[in-house]
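Examination of the molecular architecture
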Amino acid sequence: MYKLRLIFTLGICLVLGLYSCKKNKDKVINQAVAFSFSAPDTLVFEHSDAKQLSVSVQCSQNKEFGASLSSLNLAFTDGFQQLIIPSNQSASFDIHFYQNSANPGTYPCELTVSVLNENNTPQTKTIQLIYAPNCAFNYRNYLNGEITFQINGILLNKSINCLYNEQGQLVVNSLTSFPVVLNFDCAAQTVTMQALTNNGFYMTGDGYIQGQNINLNIYSDGVLDAVARIKI
């Protein structure tokens, strides 16, 4: 009787052991997904603009990843709550910058990438969003100008106002009867006036930076119309 009970007990243990082994074998082991991602360290804005921030994900498994930005300054918006990026592919945020809400400087934000809909440790990177206006920005507060029209040769002193617009140009008001919009070549220290038609005449201009001043020649239908200076 004792032997039968022992054999019965051993049989039950064997069955339970085999079941436990099968159960453990069938159990899916949730291992961490190994991946990496790349994105630019910086994105530089010269004026109000929209630029793309590309994010690429590298992974040996066929997965989908979510990428998001956080801690954005109010001057920037990303246009998306989250990017969906398949393994070994890339996608881009559209970063919109509004210069009226920022001063020149560096604005860090956080890029986070994680496996979509899985319990996996996210990876992060700090992206530096930089507002670096061109040299036209230096003249935005100038208040004085002078202009001599070729028709009479009389020097006129003008009270002007200047602003750095959302296209990275300097807009000069009250120097002439029309706004003078200047494009800058900061490396060459030269300027060109955005052409326009005024009272039927095609107005153009060019000039150069001299010290703190901007010297400007204005042409009407290709003929010199006036010589001007923009002063601090």
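Cut-offs used in this document
- Residues numbered from 1 in each chain as written.
- Predicted model: local features only at pLDDT ≥ 70, side-chain atom pairs only at ≥ 80, totals over all residues.
- Heavy atoms only, no water.
- Pairing = 2+ DSSP bridges.
- Helix = DSSP H or I, 4+ residues; strand = E, 2+ residues; numbered from the N terminus.
- Core = buried A, V, L, I, M, F, W, Y, C linked by side-chain atoms within 4.5 Å.
- Buried < 20%, exposed > 50% of the residue type's maximum accessible area, 1.4 Å probe, protein only.
- Contact = heavy atoms within 4.5 Å.
- Phe/Tyr/Trp six-rings, centres within 6.5 Å; stacked < 30°, edge-to-face > 60°.
- Lys NZ or Arg CZ within 6 Å of the ring centre and 35° of its normal.

When strand E2 (residues 42-45) meets strand E9 (residues 123-131), the two strands line up parallel, connected through 4 bridges. Bridge pairing links Thr42 to Gln128 in E9. Here 9 bridges tie strand E8 (residues 105-115) to E9, and the two strands are oriented antiparallel to one another. In the strand pairing of E9, Thr106 is matched with Ile130.

Before going further, it helps to examine the nonpolar core. Leu111, Leu182 and Phe184 are the most contacted members of the largest nonpolar core, which has 56 residues in total. A total of 5 residues in this core trace back to one element, the largest contributor, which is E8. Beyond its immediate chain neighbours, meaning those up to four positions away, Leu182 contacts Gln169, Leu170, Val172, Thr192, Met193, Ile214, Leu216 and Ile230.

To continue, consider the packing of aromatic side chains. The geometry of two aromatic rings is summed up by the distance between their centres and the angle between their planes. By the definition in use, this model includes 10 aromatic pairs. Members of the aromatic cluster, joined through ring pairs, are Phe45, Phe76, Phe97, Tyr107, Tyr131, Phe137 and Tyr164. Its end group placed over the ring of Phe45, Lys51 keeps NZ or CZ at 5.5 Å from the ring centre.

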